[in-house]
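Here is how the chains run, residue by residue.
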Amino acid sequence: MLKLSSLAAAAAIAVASVAVHAGEVEVLHWWTSGGEAKSAGELKKIMQSKGHTWKDFAVAGGGGDAAMTVLKSRVVSGNPPAAAQIKGPAIQEWAAEGVLANLDSVAKAEKWDSLLPKVVADVMKYKGNYVAVPVNVHRVNWVWANPDVLKKAGVAGMPKNYDEFFAAADKIKAAGLIPVAHGGQNWQDFTTLESVVLGVGGAKFYTDAFVKLDAKALGSDTMKKSFETFRRIKSYTDPASPGRDWNLATAMVMQGKAGFQFMGDWAKGDFIAAGKVPGKDFLCAAAPGTANAFTFNVDSFAMFKLKSNDAQKAQNDLAAAIMGPEFQEVFNLNKGSIPVRLGMKMDKFDDCAKMSAKDFVETAKTGGLVPSIAHGMAVRPAISGAMQDVASQFWNDDKMTVADAMKKMTAAAATK
Ligand code: BGC
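Only a predicted model underlies this, so the values are computations on that prediction, with no experimental measurement involved. (Residues numbered from 1 in each chain as written. Predicted model: local features only at pLDDT ≥ 70, side-chain atom pairs only at ≥ 80, totals over all residues. Heavy atoms only, no water.)

### A short note on the side chain of Gln328
And step 1. In this fold, Gln328 is placed in helix α16 (residues 325-335).
And step 2. A polar atom in the side chain of Gln328 sits 3.4 Å from the backbone nitrogen of Arg341.
And step 3. The residues touching Gln328, leaving out its near neighbours within four places in the chain, are Pro134, Val135, Ile322, Met323, Pro339, Val340, Arg341 and Met344. (Helix = DSSP H or I, 4+ residues; strand = E, 2+ residues; numbered from the N terminus. Polar contact = N/O pair within 3.5 Å; in protein donor to acceptor, adjacent residues only side chain to side chain. Contact = heavy atoms within 4.5 Å.)

### Examining the state of the cysteines
Note on terminology: a disulfide is the covalent bond linking the sulfur atoms of two cysteines.
And step 1. Evaluated as defined, the whole model comprises one disulfide.
And step 2. Residue pairing for Cys284: its cysteine sulfur links by disulfide to Cys352, the two sulfurs lying 2.2 Å apart. For the disulfide bridge between Cys284 and Cys352, the dihedral angle about the S-S bond is near -105°, and by the sign convention the bridge is left-handed. Separated by 68 residues along the polypeptide, Cys284 in strand β11 (residues 283-286) and Cys352 in helix α17 (residues 351-366) bring together distant segments of the chain. For the pair Cys284 and Cys352, a shared accessibility class is recorded, and that class is buried. (Disulfide = S-S within 2.5 Å. Buried < 20%, exposed > 50% of the residue type's maximum accessible area, 1.4 Å probe, protein only.)

### Here we look at the sheet that holds strand β13 (residues 300-303)
Two pairing modes exist for strands in a sheet, parallel and antiparallel, and in both the strands are linked by backbone hydrogen bonds.
And step 1. The five strands are arranged β2-β1-β3-β13-β6 in an open sheet whose pairing can be described as mixed. The open sheet is flanked by β2 (53-58) and β6 (132-134), the only strands paired with a single partner. Taken pair by pair, the neighbouring strands of this sheet meet at an average axis angle of 20°, ignoring direction.
And step 2. As paired elements, strand β3 (residues 83-85) and β13 share three bridges and run antiparallel to each other. Paired with Ala84 across the two strands is Ala302, which belongs to β13.
And step 3. Where helix α2 (residues 34-49) meets the sheet, its contacts fall on β1 (24-29), β2 and β13, and the angle it forms with β2 comes to roughly 155°.
And step 4. Set on the sheet, helix α3 (residues 65-76) makes contact with β1, β2 and β3; between it and β1 the angle comes to about 135°. (Pairing = 2+ DSSP bridges. Axes fitted to C-alpha atoms, helices over the stretch in contact; angles between N-to-C directions.)

### Examining the pattern of salt bridges
And step 1. Overall, the coordinates contain 17 salt bridges when judged by the stated rule.
And step 2. Where Glu42 meets Lys45, a salt bridge forms, and the shortest distance between an N and an O atom there is 3.3 Å. Placement of both Glu42 and Lys45 in helix α2 is noted, with a separation of three residues, approximately one turn of the helix.
And step 3. Judged by relative accessible area, which is 16%, Glu42 ranks as buried.
And step 4. Of the charged contacts in the structure, one is a salt bridge between Asp281 and Lys280, with a shortest N-O distance of 3.3 Å.
And step 5. Taking the relative accessible area as the measure of exposure, Asp281 reaches 22% and is therefore partly exposed.
And step 6. Where salt bridges share partners, they join Lys204, Asp208 and Lys212 into one cluster. (Salt bridge = Lys/Arg side-chain N within 4 Å of Asp/Glu carboxyl O.)

### Some thoughts on the site of the ligand
And step 1. Near the ligand you find 14 residues, and of these Glu36, Lys87, Asp299, Lys335 and His375 are the closest.
And step 2. At a separation of 3.3 Å, an oxygen atom of the ligand approaches a polar side-chain atom of Trp30.
And step 3. One of the backbone N or O atoms of Gly63 is found 3.2 Å from an oxygen atom in the ligand.
And step 4. Out of a free accessible area of 310 Å², the ligand has 100% covered by protein chains.
And step 5. Split into classes, the residues belonging to the shell around the ligand amount to four nonpolar, six polar and four charged.
And step 6. Counting contributing residues, the shell around the ligand receives three or more from each of domain 1 (5-137 + 298-355) and domain 2 (142-296 + 371-413). (Near = heavy atom within 4 Å. Areas by Shrake-Rupley, 256 points an atom, 1.4 Å probe, with all protein chains shown as cover. Nonpolar A, V, L, I, M, F, W, Y, C, P; charged D, E, K, R; others polar. Domains from an automatic or database assignment.)

### Some points on the packing of aromatic side chains
And step 1. Throughout the structure, instances matching the rule amount to 22 aromatic pairs.
And step 2. Each ring, one from Trp144 and one from Phe282, has its centre 6.2 Å from the other, and the planes form 50°; the classification is tilted. Taken together, the residues span a long stretch of sequence, with Trp144 in strand β8 (residues 142-145) and Phe282 in the loop between α14 (266-273) and β11 at a distance of 138 residues. Of the two residues examined, Trp144 and Phe282, each falls in the buried class.
And step 3. Centroid distance Tyr162 to Phe165: 5.9 Å. Interplanar angle 75°. Geometry classified as edge-to-face. In this pair, Tyr162 and Phe165 both sit in helix α9 (residues 162-174), three residues apart, roughly one turn of the helix. Across the pair, Phe165 and Tyr162 agree in class, each one buried.
And step 4. Of the aromatic side chains, those joined through ring pairs into one cluster are Tyr162, Phe165, Phe166, Tyr236, Phe260 and Phe262.
And step 5. Directly above the ring of Tyr236 sits Lys173, whose terminal nitrogen or CZ lies 5.2 Å from the centroid. (Phe/Tyr/Trp six-rings, centres within 6.5 Å; stacked < 30°, edge-to-face > 60°. Lys NZ or Arg CZ within 6 Å of the ring centre and 35° of its normal.)

### Focus on α2
And step 1. Between its first and last C-alpha atoms α2 spans 23 Å; for 16 residues at 1.5 Å apiece the expected length is 22 Å, and the two agree.
And step 2. Looking at α2, one finds that the buried residues are Gly35, Glu36, Ser39, Ala40, Glu42, Leu43, Ile46 and Met47. Projected onto a plane normal to the axis of α2, the buried residues spread over an arc of 140° and lie on a single side. Opposite the buried face of α2, by more than 90 degrees, sit the exposed residues Lys45 and Ser49.
And step 3. Positive phi appears at Gly51, one or two residues downstream of α2, with a value of about 90°. (Expected span 1.5 Å × (residues − 1). Arc of directions from axis to C-beta.)

Just geometry here; none of it tells us what the structure is for.
In structure tokens:
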């Protein structure tokens, strides 16, 4: 009896102490597919276990273009969420508006400087102060495949270059199946184009064209060949692809309707959420010609300035949880990405993730590690947005010449 009542008292104190600091965190993100939603759910669980209230602010739309439009209107109307999925150079733009919170106290207490690769930490800081917290490292230059489709079509293995890729695609077509599952949305078109440019031109060329925005590279024969290759890939997609969401394209590969998909490793999150086993039910490989390169895409949350102390405490708890080893493991196991926190054990991760972790380290040494332009890592959003539009115009209009596309891409890259 005594024991029970003291337990009850202890529980009451615990509840009260949680309640004192409990705050609400409204979190804007675009994680709505099977694997993405499971991953976001892990973050919600951690925050709830700390006594906070999670207010989900999910804006559907792969790649996050729709989410960013909604975010702008919320901030402009003076009502920002506590945290928003903001990445790459966009973090700097938001910070320059003076709307982001300073996370240095939590970053110091949790030793982020020693737990993050410097290139990543630099992106999270504005004028030397942390304003965002990184979640993961996605690799974008992947191709996914259904092994049964390859077998049926008589394709021996994953294609290492575009000659092998197109030979495989022809065989899949001849077997009556769709060679390439594609979702015709601007960001997916651009995701494919960036992998093609990397595969055709290599990491140095990719950097010149898509990071340095060098007009000579954008007007070169290598760029010409990249656009031609990109257009040829389109001829292996199905007529129903325009407008399709990326996860529905992934489902076509899962169901054996299509052979390949070009997509970042959030696709693996969806394969896994559907109970599929890597190496058995689906295959992963670097996109053709890109085995020695790695287009990185680091998801991160920027925190907005909020007035209430409880809300700030909840924000700091969110930031600390995101960088914590427990979250880094469980989130990334579900998301298809690898932990961004250094020194994490990879033993629970599958072979695709292990390959990604190994390649991340190795390409960083050889110059093969490059920022994804299609996922907001390489250049300011105004520029990548304009370039993405050109990629899609070309993809959608078979009459547009390669020369025209190159001219338009060079002009888009010069966007002020
Ligand atoms: C994000 C991923 C997300 C993907 C599809 C990417 O830009 O970095 O986290 O899963 O878009 O929505």
